[in-house]
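# Summary of the model geometry
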Amino acid sequence: MPADPGRAEQVVRRCRELALVSEEEGRLTRWFGGPAMARANELVGRWMAEAGMGVRVDAAGNLVGRVPGSDPRAGTLLLGSHLDTVRDAGAFDGPLGVLAAIECVALLRARELSLPFAVDVLGFADEEGLRFGTTYLGSRAVAGTLDPAILDLADEHGVTIGEVVAAFGAGPGAASRRGERLLGYCELHIEQGPVLEGQGASVGIVTAIAGATRAEARFAGHAGHAGTVPMASRRDAACALAEFVLAVEAAGRAEPGLVATVGRLAALPGAPNVIPGSALASLDVRHADDAARDAAVDALRDRAAAIGAARGIEVTWETRLAAPAVAMDPALTRELAAAVADSGIAEVRLASGAGHDAVALSELTGVAMLFVRCAGGISHHPAESVDAADVAVALDVLDGFLRRLA
Ligand SMILES: [Zn+2]
């Protein structure tokens, strides 16, 4: 019995209602430990309770709704996503995964079905890191991998993470689920890209979360007067930078599955009548295959050196982050694929270019992800939207997944 369309419409309506809970007038912004997060937890907690779940906020500020299983030894399946947002966010990035999971629990209850295992629906308190610049703070606390040193990180007003989590009780270490019998974590999330729309698919099964390298290339040439230094004797750092930016684009276009971006660039001193003496470019390279990503980064590093050598410009390179790709759990993903087949829709598989809470949870338990098509691939923007018909398909798949695991 497929989920009725009214349930999908309710999920979409609730995402929109939740989007009104914000720190900022007229736009959606919810950061870790703010009053809006507390109100969001209250509202979503009420929906969890209505679906028959026991509700609590854990020691890291994550919202947790729980339905016990019929067999206490059968362990717990984790579902959910995050409830915090970027600044001026859309309504669906994060909340869709939480509210869809609640609706699946409500659907089981409406059918008077109980599962052998317990289901916890998690609303993570901090995935976007807007307030403290952290990544996956909420889900890392649950995974038991939070570095205690980050408790000293302060926001722009000097309030530390340690002070914020003190309000939740026992300290974030107590949010860890390490040592429990867990069956895995399944996250439903909007795609945040155009692939599903391009293929005419409502949902897609995530194969892996791409690994990412972030680096910075600095080009040191020689500044000079824009009117007096002849072209042939210049060492213009911005020209080297420009060559590098196009090389990055060409590398990304040449290799399937690779994305490569220069998101920040600067030429200094930055005056119209001065030849730029130095320049810098950020680099973000992602691929679901770590070897392919490493090879691409090495090639770009060599290319930057060659560009500099040809122009008499010194190039320095600093790798800021190298995060490996995260594989999805084969067994959970097989069940998800079977649930897609049961729903009578074609299977589409895709890698995730964006990071998700599943990255942090993969250090605790097996993870699987289901993407839902979003209009125009638009995300991190107030225009973010999903079609209720696609959400109905996603609910059907998630419901089938739960019943298969049972
Ligand atoms: Zn998200």
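Here the residue numbering is sequential within each chain, running from 1 through the sequence in written order. Restriction of local features to residues with pLDDT of at least 70 applies here, the model being predicted, together with a cutoff of 80 or more for giving and counting side-chain atom pairs; totals for whole chains, interfaces and linings are based on all residues. To get the side-chain values, take all heavy atoms of the structure and skip hydrogens and water.

## Regarding the side chain of Ser139
Here is the rule we go by: Here a helix means four or more residues in a row that DSSP labels H or I, a strand means two or more in a row labelled E, and each is numbered from the N terminus. Think of it in three bands: residues with accessible area under 20% of the maximum for their type are buried, residues over 50% are exposed, and the middle band is partly exposed, with areas taken using a 1.4 Å probe on protein chains only.
Position of Ser139 relative to the elements: it lies in helix H4 (residues 137-143). For Ser139, a relative accessible area of 0% corresponds to the buried category.

## Some points on helix H7 (residues 237-254)
To keep it simple, the criterion reads: By definition here, a helix of n residues has an expected span of 1.5 Å times n minus one. Taken from the helix axis, the directions to the C-beta atoms give the arc we talk about. Throughout, a contact is declared for two residues whenever any of their heavy atoms are within 4.5 Å. Polar contact criterion, stated in full: a pair of N or O atoms within 3.5 Å, where within protein one must be able to donate a hydrogen and the other to accept it, and residues adjacent in sequence count only if both atoms are side-chain atoms.
Taking 1.5 Å as the rise per residue, H7 with 18 residues should run 26 Å; its terminal C-alpha atoms sit 26 Å apart, in good agreement. Considered for burial, the residues of H7 that qualify are Ala237, Ala240, Leu241, Phe244, Ala247, Val248 and Gly252. Taken around the axis of H7, the buried residues stretch over an arc of 135°, which confines them to a single face. Residues of H7 that are exposed and point more than 90 degrees away from the buried face comprise Leu246, Arg253 and Ala254. On its buried face, H7 sits against strand S7 (211-220), strand S9 (259-261), strand S10 (265-268), strand S12 (278-287), helix H8 (290-311) and strand S13 (314-323). The opening residue of H7 is Asp236, an N-cap whose side-chain oxygen sits 2.8 Å from the backbone nitrogen of Ala238.

## Points about the packing of helix H1 (residues 5-18) against helix H3 (residues 95-110)
Formally: Whenever a helix is involved, its axis is fitted only over the stretch in contact; in every case the axis is a line through C-alpha atoms, and angles between N-to-C directions fall within 0 to 180 degrees. Roughly parallel covers angles under 35 degrees, roughly antiparallel covers those over 145, roughly perpendicular covers 65 to 115, and oblique covers all other angles. When the near helix sits turned anticlockwise from the far one by under a right angle, the crossing is termed left-handed; a clockwise turn instead gives a right-handed crossing. Nonpolar residues are Ala, Val, Leu, Ile, Met, Phe, Trp, Tyr, Cys and Pro. Charged residues are Asp, Glu, Lys and Arg, and all others, Gly as well, are polar.
As a packed pair, H1 and H3 sit with axes 9 Å apart at the nearest point and diverge in direction by 140°. Our classification of the angle between H1 and H3 gives oblique. Helix-helix and strand crossings are classified by hand; for H1 and H3 the assignment is right-handed. On the side of H1, the interface is formed by Arg7, Gln10, Val11, Arg14, Cys15 and Leu18, while H3 contributes Pro95, Leu96, Leu99, Ala100, Glu103, Ala106, Leu107 and Ala110. Split into classes, the residues belonging to the contact of H1 with H3 amount to 10 nonpolar, one polar and three charged.

## A short note on the pattern of salt bridges
Our working rule: By definition, a salt bridge exists where a carboxyl oxygen of Asp or Glu is found within 4 Å of a side-chain nitrogen of Lys or Arg.
Taken as a whole, this structure holds 27 salt bridges when the rule is applied. Residue Glu103 is joined to Arg7 by a salt bridge in which the shortest nitrogen-to-oxygen separation is 2.8 Å. With Glu103 in helix H3 and Arg7 in helix H1, the pair connects residues that are 96 residues apart, well separated along the chain. Both residues of the pair, Glu103 and Arg7, count as buried. The residue Arg286 makes a salt bridge to Asp284 at a minimum N-O spacing of 2.9 Å.

## Here's the deal with the coordination of the zinc ion
Ideal coordination angles are 109.5 degrees for a metal with four donors arranged tetrahedrally and 90 or 180 degrees for a metal with six donors arranged octahedrally. Condition: Counted as coordinating are nitrogen, oxygen and sulfur atoms within 2.8 Å of the metal, or 3.2 Å for Na, K and Ca, while water is not included, which may make sites look incomplete.
Only His82 (NE2), Asp93 (OD) and His189 (NE2) from the protein coordinate the zinc ion, and they sit 2.0 to 2.2 Å from it. Taken in chain order, the donor set of the zinc ion reads H-x10-D-x95-H. Remark: His189 occurs in strand S5 (residues 182-190) and His82 occurs in strand S3 (residues 76-82); sequence separation between them is 107 residues. Its relative accessible area of 1% is what places His189 among the buried residues.

## A few points about the packing of aromatic side chains
Cut-off, in case you're wondering: Note on ring pairs: Phe, Tyr and Trp rings are taken, using the six-membered ring of Trp, and paired if centres are within 6.5 Å. Classes follow the plane angle, with under 30 degrees stacked, over 60 edge-to-face and the rest tilted.
Following the criterion strictly, the structure yields five aromatic pairs and no others. Ring centres of Phe124 and Tyr185 lie 6.1 Å apart, and the angle between their planes is 65°; this geometry places the pair in the edge-to-face category. With Phe124 in strand S4 (residues 118-124) and Tyr185 in strand S5, the pair connects residues that are 61 residues apart, well separated along the chain. As far as the burial class goes, Phe124 and Tyr185 line up, both buried. With centroids separated by 6.1 Å and ring planes inclined at 90°, the aromatic side chains of Phe244 and Trp317 adopt a geometry described as edge-to-face.

## Some remarks on the state of the cysteines
Stated precisely, the cut-off is as follows: Whenever a pair of cysteine sulfur atoms sits within 2.5 Å, that pair is classed as a disulfide.
Counted according to the given criterion, the structure contains zero disulfides. Note on Cys186: no disulfide assigned, nearest cysteine sulfur contributed by Cys104 at a separation of 9.3 Å.

## Overview of unusual backbone geometry
What is expected of a backbone is that most residues other than glycine have negative phi and most peptide bonds are trans. The step from Leu268 to Pro269 runs through a cis peptide bond, and the omega angle for that step is 10°. Note on placement: Pro269 falls in the loop between S10 and strand S11 (274-275). Positive phi, normally seen in glycine, also occurs at Tyr136, with a value near 55°. Tracing the backbone through its elements, the reader meets Tyr136 in the loop between S4 and H4. The exposure class of Tyr136 is buried, given its relative accessible area of 11%. The backbone of His380 shows a phi angle near 55°, a positive value even though the residue is not glycine. Note on placement: His380 falls in the loop between strand S16 (367-372) and helix H11 (388-405).

So yeah, pure geometry; function would need other evidence.
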